Amino acid sequence: MSTSSGPLDGIRVVEAGQLLAGPFAGQLMGDMGADVIKVEPPGVGDPMRQWGREKSEGSSLWWPVVGRNKRSVTLNLREPAGQDLLLEMIRHADIFVENFRPGTLEKWNLGYDRLREVNPGLVLVRVSGYGQTGPYSSRAGYGSIGEAMGGLRYIVGEPDRQPSRTGISIGDALAAMHATIGALAALRHRDVTGEGQIVDSAIYESVLAMMESMVTEWDVQGYQRERTGAVLPNVAPSNVYPTADGQLILIAANQDSVFGRLARLMEEPELAEPGSRYGDHSGRGQHQQELDDHIGVWTAKHDADELLALLHEGGVPAGRIYKAADMLTDPHFIARDAIVRVADPKFGDLAMQNVVPKLSATPGSIRWTGPELGQHNDEVYGDLLGLSEDERARLAADGVL
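Report on the accompanying structure. (Residues numbered from 1 in each chain as written. Predicted model: local features only at pLDDT ≥ 70, side-chain atom pairs only at ≥ 80, totals over all residues. Heavy atoms only, no water.)

1. Side note on the packing of helix α1 (residues 21–31) against helix α8 (residues 170–193)
Part 1: As a packed pair, α1 and α8 sit with axes 8 Å apart at the nearest point and diverge in direction by 50 degrees. The pairing of α1 with α8 is recorded here as oblique in orientation. You can see that α1 and α8 cross each other, and the crossing is right-handed. For the pair formed by α1 and α8, the contact residues are A21, F24, A25, L28 and M29 on the first element and D172, A173, A176, M177, T180 and A183 on the second.
Part 2: Of the residues in the contact of α1 with α8, the class split is nine nonpolar, one polar and one charged. (Axes fitted to C-alpha atoms, helices over the stretch in contact; angles between N-to-C directions. Helix = DSSP H or I, 4+ residues; strand = E, 2+ residues; numbered from the N terminus. Parallel < 35°, antiparallel > 145°, perpendicular 65-115°, else oblique. Left-handed = near helix turned anticlockwise from the far one by under 90°. Contact = heavy atoms within 4.5 Å. Nonpolar A, V, L, I, M, F, W, Y, C, P; charged D, E, K, R; others polar.)

2. Thoughts on the side chain of Q27
Part 1: Tracing the chain through its elements places Q27 in helix α1.
Part 2: Once you skip the residues sitting within four places of it in the chain, Q27 turns out to touch V65, V66, R68 and K70.

3. With respect to the pairing of strand β2 (residues 35–40)
Part 1: Across the six residues of β2, five count as buried, placing the element largely inside the fold.
Part 2: The sheet contact formed by strand β1 (residues 12–15) and β2 spans four bridges and is parallel. Bridging from a neighbouring strand, V14 pairs with I37 of β2.
Part 3: Where the polypeptide runs from β1 across α1 and back to β2, its parallel neighbour, the crossover connection is right-handed.
Part 4: Here β2 pairs with strand β5 (residues 70–74) via five bridges, running parallel. The residue bridging V39 from the neighbouring strand is V73, located in β5. (Buried < 20%, exposed > 50% of the residue type's maximum accessible area, 1.4 Å probe, protein only. Pairing = 2+ DSSP bridges. Right-handed = clockwise from strand over helix to strand, strands pointing away.)

4. Considering the nonpolar core
Part 1: Formed by 36 residues in total, the largest nonpolar core has its most connected members in V13, M29, I95 and V125.
Part 2: With seven residues, α8 is the single largest residue contributor to this core.
Part 3: Aside from chain neighbours lying at most four places away, what touches V125 is I95, F96, V97, E98, A179, A183 and V199.
Part 4: With 31 residues, the next largest nonpolar core counts A16, V39, L85 and L115 among its residues. (Core = buried A, V, L, I, M, F, W, Y, C linked by side-chain atoms within 4.5 Å.)

5. So, the packing of aromatic side chains
Remark: the centre distance and the inter-plane angle together describe each pair of aromatic rings, the angle taken between the planes.
Part 1: On inspection of all chains with the given rule, the structure shows four aromatic pairs.
Part 2: With a centroid separation of 5.1 Å and an interplanar angle of 75 degrees, the aromatic rings of F100 and W108 are classed as edge-to-face. Note on accessibility: F100 and W108 belong to one class, buried.
Part 3: With centroids separated by 5.9 Å and ring planes inclined at 75 degrees, the aromatic side chains of Y130 and Y136 adopt a geometry described as edge-to-face.
Part 4: Over the ring of Y154 we find R227, and its NZ or CZ is 5.2 Å from the ring centre. (Phe/Tyr/Trp six-rings, centres within 6.5 Å; stacked < 30°, edge-to-face > 60°. Lys NZ or Arg CZ within 6 Å of the ring centre and 35° of its normal.)

Okay, here's the thing in structure tokens:
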């Protein structure tokens with residue numbers, strides 16, 4: 001692990017989001033060295049502390065990841081005293097991240113105008129299902145709805161079945177990534193002008209941004225992309241192929257020169273000759289299924305290890321379809337520290353994905369896993385805001401902390 005504090009060292013983020021979109025943005029900034037103060041409701045905290053499909057002794061195995069590098073404080077934002085304390089935190093912050101339903105901050109008298117009064121340079125990052133404006137802005141919006149509305153759900157899955165999900169909360173994650181990009185761009189503007197601004201990251205728009213030329217294809221040609229399962233229509237060969245030992249290997253050789261290398265490995269160089277049935281991109285796309293079947297006959301004669309050795313040596317992109325167990329033992333993952341072990345007071349050493357991307361001079365790092373609820377109340381309210389022990393005890397008794 002690097003000892004670098006990261007490129008965002010000195011930047012303070014107050015994160016009041018819940019579930020995934022806001023907290024993942026906070027995780028990304030914390031990974032790069034920001035001091036992330038996570039504000040959670042007293043007694044219950046972020047639902048991410050309970051979420052996750054697999055738990056250990058009743059505790060979430062998701063929370064140590066999404067809560068990493070953060071300081072946790074408890075605060076009841078529905079109480080005027082809690083709102084006042086948040087304003088004091090904002091006075092010391094560079095970025096405020098929230099993903100409540102639009103209008104919630106305003107209902108609590110914490111709209112941007114009031115936040116800006118105490119900190120004119122504040123960057124307010126607002127993540128929501130539909131954005132802060134428009135006729136749908138006040139609707140409840142989860143990541144799955146944004147994935148559907150943004151166009152992703154329609155094209156994921158097999159053509160003869162209902163639309164599928166991707167297996168992860170991709171809509172929330174994309175909104176968080178775009179929110180983080182926006183926050184860093186806004187920080188750059190603030191450093192030049194001294195002025196803060198609002199970053200409005202909508203889940204459906206973040207999904208839409210990843211949809212390549214889908215809208216333009218419809219607008220110009222009336223072409224609607226459909227579900228195609230494991231293949232990309234008219235791009236061949238690029239598919240999963242069988243092996244003699246029952247493995248599945250993904251081969252992507254759709255470029256002319258790369259297909260030529262594959263044809264030579266198959267000892268059928270004539271397949272790639274100009275003017276032949278598969279000699280150019282259009283021809284391979286036109287006969288996609290036929291070509292996939294032909295390649296599958298060849299791959300099925302080889303065990304997976306042998307096949308991959310041939311393909312890698314021959315310069316043809318190929319690989320296994322990894323599960324978590326494969327990642328933990330792969331030498332490339334190990335060499336690049338793609339997965340690291342981080343000490344956790346509850347679980348011991350936990351394996352989790354490392355910080356991405358890697359920076360050569362000021363790399364980010366994982367300094368600790370998700371904290372206990374309110375673990376840093378004394379640090380933040382005492383050291384940062386200057387509240388005495390008696391004041392903190394009184395606020396806790398009143399249900400504010």
